[in-house]
Amino acid sequence: MLNVYKIADDYAESIIEEMEDTRDEDRLLELAEQYADDSYHVIYHGDAHEFVQALPYDRRTDAEQEVADCGMINENTTYDSLATLITYFALKMLILDAVDKRLESVRTPSYA
């Protein structure tokens, strides 16, 4: 099964490498949105369906709620487009969580 956390962590690594100032939260959000939007998991319906199926229940319901909150469900919404939207919002959230985790490990010294 697809590991959605590994996918997000790989994107987070790329984002941190790309960032000059990791305190710029607006830029972090912008990059997370860009990486999620450009992901083939979002672009291709079949991959979006696979991604949604691999999401833990709470992550999927959070993403579904965000899609609904943004008013993106209407009479033109198809099964495929809904999977794409859920994947985008879930992936964006997972990427931001992974970035936060990576930055927290850098900020907090590890004592062995």
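Refer to the structure above for everything that follows.
The following refers to the structure shown.

Reading the values: rules and limits
Throughout this document, residue positions are counted from 1 along each chain, in the order its sequence is written. pLDDT decides what is reported in this predicted model: residues at 70 or higher carry local features, side-chain atom pairs at 80 or more are listed and counted, and totals for whole chains, interfaces and linings draw on all residues regardless. Only hydrogens and water are removed before side-chain values are computed, so all heavy atoms of the structure are retained for them. Here a helix means four or more residues in a row that DSSP labels H or I, a strand means two or more in a row labelled E, and each is numbered from the N terminus. Relative accessibility under 20% of the residue-type maximum defines a buried residue, over 50% an exposed one, and the middle range a partly exposed one, all with a 1.4 Å probe and only protein chains included. Here, residues are in contact when the closest pair of their heavy atoms is within 4.5 Å. Note on areas: Shrake-Rupley with a 1.4 Å probe; residue coverage comes only from the protein chains shown. Charged residues are defined here as Lys and Arg on the positive side and Asp and Glu on the negative side; His and the ends of the chain fall outside this count. The atoms used to mark charge sites are NZ of Lys, CZ of Arg, CG of Asp and CD of Glu. Throughout this description, the term salt bridge denotes a Lys or Arg side-chain nitrogen within 4 Å of a carboxyl oxygen of Asp or Glu.

A word on the overall build of the protein chain
In terms of helices and strands, the protein chain carries 6 helices and 0 strands. Counting from the amino terminus, helix and strand elements in the protein chain follow one another as α-α-α-α-α-α. Along the first, second and third principal axes, the C-alpha atoms of the protein chain reach 50 × 30 × 20 Å. Every one of the 112 residues in the protein chain was classed for burial, and the buried ones make up 37%. Contacts in the protein chain between residues far apart in sequence, at least 24 positions, make up 74% of those at least 6 positions apart. Of the accessible surface of the protein chain, which amounts to about 7,100 Å², a share of 48% is contributed by carbon and sulfur atoms. In the protein chain, 9 side chains carry a positive charge and 26 a negative one; their mean positions are 6 Å apart.

A few points about the pattern of salt bridges
Summed over all chains, the structure comprises 8 salt bridges. Between Arg-27 and Glu-30 there is a salt bridge; the shortest N-O distance is 2.6 Å. In this pair, Arg-27 and Glu-30 both sit in helix α2 (residues 25–38), 3 residues apart, roughly one turn of the helix. According to the relative accessible area criterion, Arg-27 is partly exposed, its value standing at 28%. Taking the shortest distance from any N to any O, the salt bridge between Asp-97 and Arg-59 comes out at 2.6 Å. With Asp-97 in helix α6 (residues 79–107) and Arg-59 in helix α5 (residues 57–69), this pair connects stretches of sequence that are 38 residues apart. Three or more residues joined by partner-sharing salt bridges are found here, namely Asp-9, Glu-13 and Arg-102.

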